[in-house]
Amino acid sequence: MTNQVGIDMNNDSDGDDLLQYNPNRLLDTLIENLRLKNDAALSRALEVAPPVISKIRHHRLPVGASLLIRMHEVSDLSIRDLRYLMGDRRNKFRISDKQFKPKEGETPAANNNNNSNS
């Protein structure tokens, strides 16, 4: 099966570079597909601050879900294709149960009271 950007998603013989996380390939492909000049033009198209693109390029910031959705809206590439371009091959996403548990010693009621007093 070939995706919208011409990558055979069933053939991993394209090299190990497609199997590793590389957001630069994603950003470069977006710039090319949208016929933009540079990262600054991409940041305007995605409606994010230019440092966000720079931080993603330098692996200091991951491509978040909201930015991935925005890339999808602007480029008309599927989320699967966008994830494939940056090297994300996971079939399922699992959210850690630790993200939703209160810290030890805190109760949900105490948490709500602290937020309302601020």
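Definitions and limits used
Residues numbered from 1 in each chain as written. Predicted model: local features only at pLDDT ≥ 70, side-chain atom pairs only at ≥ 80, totals over all residues. Heavy atoms only, no water. Helix = DSSP H or I, 4+ residues; strand = E, 2+ residues; numbered from the N terminus. Contact = heavy atoms within 4.5 Å. Salt bridge = Lys/Arg side-chain N within 4 Å of Asp/Glu carboxyl O. Buried < 20%, exposed > 50% of the residue type's maximum accessible area, 1.4 Å probe, protein only.

Student: When you look at the side chain of Ser43 in this model, what are you seeing that I'm missing?
Tutor: The residue Ser43 is located in helix α2 (residues 39-46) in this model. Ser43 has contacts with Val48, Ala49, Pro50 and Ile53, leaving out every residue within four places of it along the chain.

Student: Explain the pattern of salt bridges to me, please; I cannot follow it from the model alone.
Tutor: Two side chains that carry opposite charge are able to pair once their charged atoms sit near each other. Tallied over the entire structure, the rule returns five salt bridges. Two residues, Arg57 and Asp39, come together in a salt bridge whose shortest N-O distance is 2.7 Å. Of this pair, Arg57 sits in helix α3 (residues 50-57) while Asp39 is found in helix α2, placing the two residues 18 residues apart along the sequence. The class of Arg57 is buried, set by a relative accessible area of 17%. Its relative accessible area of 25% is what places Asp39 among the partly exposed residues. Here Glu73 ties to Arg70 by a salt bridge, and the two come within 3.3 Å at their closest N and O atoms. Taken together, the residues span about one helical turn, with Glu73 and Arg70 both in helix α4 (residues 65-75) at a distance of three residues. Each of the salt bridges in this network shares a partner with another, and the network as a whole consists of Asp28, Asp39 and Arg57.

Student: Sorry if this is basic, but what is going on with α2 here?
Tutor: Quick reminder: α-helices carry 3.6 residues per turn. Residues three or four places apart thus point the same way. Among the residues of α2, Ala41, Leu42, Ser43 and Leu46 are the ones counted as buried. Along its buried surface, α2 packs onto α1 (23-33), α3 and α4.

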